[in-house]
Amino acid sequence: MTTSDDHSDDVALAGEYVLHLLDAEARRAFEDRLNAEPDLRGLVADWDAHFDPLSSDFEPVAPPALVKSRIEGVLFAQAAKPRWPLSLWQMVMGAGFAGAVAVAVLVVVPLTNAPDPFTPSLIAELSAQDQSLLVMASYAPDTGILRIVRQTGSARDGRVLELWLIADGATEPVSLGVLPEDRAADIILPTDLANAIAGGTLAISDEPTGGSPTGAPTGDVLAAGAVISI
Amino acid sequence: MNTRNDVEQMIARVGLGDRAAFSSLYDATSAKLFGVCLRILKDRAEAEDTLQEAFVRIWQKAGTYVANGFSPMTWLITLTRNLAIDKLRKRKAGSVDIDEVYDLADSGPTPEAAAVASSERDQIDGCLNELEATRAGAVRDAYIEGHSYTELAAKYGVPLNTMRTWLRRSLVKLKDCLTR
């Protein structure tokens with residue numbers, strides 16, 4: 001194949017990439033090349049610019065006001081001293097279980113009004129199908145902090161909300177603890193869980209006071225969301 | 001109406017962590033970006049989620065926008081459209097696994113493309129008109145509706161491989177025309 005054929009191939013490939021026409025495998029292979037080939041990045045940037053005038057076909061529609069407050073909530077959440085109830089670990093030990101249950105040891109960090117250096121690179125939006133419960137989670141790897149902000153909904157009467165991580169490829173969820181009554185809380189993830197959060201799914205289940213007695217969700221899964229990079 | 005310069009300045013200030021600028025940027029651009037999400041996803045709840053993801057990402061990435069050569073709306077629309085189409089494909093694949101969207105911010109358009117962008121809509125329309133009507137339609141549908149090859153093949157009543165060949169040839173012709 002000649003150099004000019006190769007170039008035409010790349011022109012078409014970059015266009016297909018920008019239009020999202022490549023299947024998952026081809027897309028990943030192309031992204032690997034993008035990281036290594038500035039010329040290819042140039043072709044992608046050109047297509048983005050070429051197609052941009054077509055975007056005048058996107059009619060503006062004002063989004064509901066709630067969306068803005070949700071976004072500002074997840075980015076700028078500040079709350080006063082959440083109380084994190086008994087961790088699952090304490091609960092399990094307190095109840096006399098000696099089984100080898102994998103649990104998270106959680107440290108609750110009070111949120112203050114000091115300047116906030118929190119810069120998350122992973123987020124998840126945990127929402128119920130009927131939107132009755134919406135919780136935003138954001139994780140900043142350099143701090144190990146997972147910030148939880150409950151936007152709408154609350155635990156059922158006499159019940160609690162428990163947060164779980166289902167790591168990518170894992171079959172069993174791991175408890176991250178019971179959500180406090182406060183709207184927002186920061187939790188510090190131990191290293192093994194911190195390493196497992198990327199690509200995982202966070203979920204919230206309905207549990208008895210104190211959290212699941214078994215180390216696995218016992219009630220309804222009320223909301224879930226994939227952890228994505230931002 | 002905000003000018004390109006206004007939006008550019010807002011993004012620059014957002015890049016420095018200015019929350020008031022973020023609020024202004026949201027007010028100035030969210031309707032357009034929500035329009036992008038709605039057109040592609042055709043589902044209000046998903047469009048709202050995607051708009052939220054887009055603005056979280058804009059807050060995080062605004063610092064990398066500065067002086068990369070893109071018009072600010074191109075940057076915002078591309079970022080949002082990428083997220084919306086990703087969500088669309090994931091919905092159809094029935095999977096929660098989300099690919100990293102390649103970020104256009106680290107490479108601006110070549111001077112060639114920047115010049116093309118300045119003549120706006122006429123040029124891309126002119127070049128699309130040089131293609132057969134159905135082939136131009138397929139390119140437009142891929143961009144505006146986020147259609148996959150499978151959907152395009154069904155819509156235009158041709159086999160998948162034929163659609164792929166058509167579209168790749170159309171892209172090469174389009175590029176020749178756009179850079180003539």
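So, how was this worked out
Residues numbered from 1 in each chain as written. Chains lettered and ligands numbered in written order. Predicted model: local features only at pLDDT ≥ 70, side-chain atom pairs only at ≥ 80, totals over all residues. Helix = DSSP H or I, 4+ residues; strand = E, 2+ residues; numbered from the N terminus. Buried ≥ 20, exposed ≤ 12 C-beta atoms within 10 Å, placed from the backbone. Contact = placed C-beta atoms within 7 Å. Nonpolar A, V, L, I, M, F, W, Y, C, P; charged D, E, K, R; others polar. Axes fitted to C-alpha atoms, helices over the stretch in contact; angles between N-to-C directions. Parallel < 35°, antiparallel > 145°, perpendicular 65-115°, else oblique. Expected span 1.5 Å × (residues − 1). Core = buried A, V, L, I, M, F, W, Y, C linked by C-beta atoms within 7 Å. Arc of directions from axis to C-beta. pLDDT = per-residue confidence, 0-100. Pairing = 2+ DSSP bridges.

## Some words on the overall build of chain B
For chain B, the count of helices and strands is 9 helices and 0 strands. Scanning chain B from its N terminus toward the C terminus, one meets helices and strands in the order α-α-α-α-α-α-α-α-α. Counting the 180 residues in chain B, one finds 42% classified as buried. When contacts within chain B are restricted to residue pairs at least 6 apart in sequence, those whose partners lie at least 24 apart make up 60%.

## A word on the interface of chain A and chain B
Chain A puts 51 residues into the contact, and the matching count from chain B is 57 residues. If you list the elements that add at least two residues to the side of chain A that touches chain B, you get helix 1 (3–18), helix 2 (24–36), helix 3 (38–51), helix 4 (65–76), strand 2 (122–127) and strand 9 (221–229) of chain A. Examining the composition of the side of chain A that touches chain B, we find that 10 residues originate from one element, helix 3 of chain A, more than from any other. Here the residues of the side of chain A that touches chain B sort into 28 nonpolar, 11 polar and 12 charged.

## Observations regarding the packing of helix 1 (residues 4–15) of chain B against helix 3 (residues 44–65) of chain B
Residue and element names in this part refer to chain B. The N-to-C vectors of helix 1 and helix 3 enclose an angle of 110°; their axes lie 7 Å apart at closest approach. With respect to their mutual orientation, helix 1 and helix 3 come out roughly perpendicular. Between helix 1 and helix 3, the residues in contact are I11, V14 and G15 and I58, W59, A62, G63 and Y65, respectively. When the residues that make up the contact of helix 1 with helix 3 are grouped by side-chain class, the tally is 6 nonpolar, 2 polar and no charged.

## Regarding helix 4 of chain A
The terminal C-alpha atoms of helix 4 of chain A, which comprises 12 residues, lie 17 Å apart, in line with the 16 Å expected from a rise of 1.5 Å per residue. Looking at the buried side of helix 4 of chain A, the elements it contacts are strand 2, strand 3 (134–140) and strand 4 (145–152) of chain A together with helix 3 of chain B.

## Here's the deal with the nonpolar core
Membership of the largest hydrophobic core comes to 69 residues, with the highest contact counts inside it found for L126, V135, A137, I148, L202 and I204 of chain A together with C37 of chain B. A total of 10 residues in this core trace back to one element, the largest contributor, which is helix 2 (residues 19–41) of chain B. Discounting residues that sit within four places of it in the chain, I148 of chain A has contacts with V135, A137, L163, L179, A184, A185 and I187 of chain A. In this structure, A14 and A49 of chain A together with I124 and L128 of chain B belong to the second largest nonpolar core, which totals 29 residues.

## A look at helix 1 of chain B
All names here are of chain B. An ideal rise of 1.5 Å per residue puts 16 Å on 12 residues; helix 1 measures up with 16 Å between its terminal C-alpha atoms. Buried within helix 1 we find M10, I11 and V14. Angularly, the buried residues of helix 1 cover 100° about the axis, an arc narrow enough to put them on a single face. A positive backbone phi angle near 90° is found at G17, which sits one or two residues after helix 1.

## Let's talk about the confidence of the model for chain B
When pLDDT is averaged across chain B, the result is 83; 80% of the residues are at 70 or more. Predicted confidence is poor over residues 111–118 of chain B, with pLDDT under 50, and the contacts of this stretch with residues over four places away or in other chains come to 16 contacts.

## Details of the environment of D186 of chain A
On the secondary structure map, D186 of chain A appears in strand 7 (residues 184–188). Between the C-alpha atoms of D186 of chain A and L146 of chain A, which are 40 residues apart in sequence, the distance is 5.6 Å.

## Thoughts on unusual backbone geometry
All names here are of chain A. Positive phi values are uncommon outside glycine, yet H20 reaches one of about 60°. In this fold, H20 is placed in the loop between helix 1 and helix 2. The class of H20 is buried, set by 21 C-beta atoms lying within 10 Å.

## Some details on the pairing of strand 9 of chain A
Residues and elements named next belong to chain A. Inspection of the sheet shows strand 2 paired to strand 9 by 4 bridges, in the antiparallel sense. By the bridge assignment, A124 is partnered in strand 9 with V227. Direction of pairing for strand 8 (residues 201–208) relative to strand 9: antiparallel, over a ladder of 5 bridges. Counterpart to L202 in the pairing with strand 9 is G225.

## Quick look at the environment of G63 of chain B
Residues and elements named next belong to chain B. Within the element layout of this structure, G63 appears in helix 3. Overall, G63 belongs to the partly exposed group, with 14 C-beta atoms counted inside 10 Å. A C-alpha to C-alpha distance of 6.7 Å links G63 and A12, two positions 51 residues apart in sequence.

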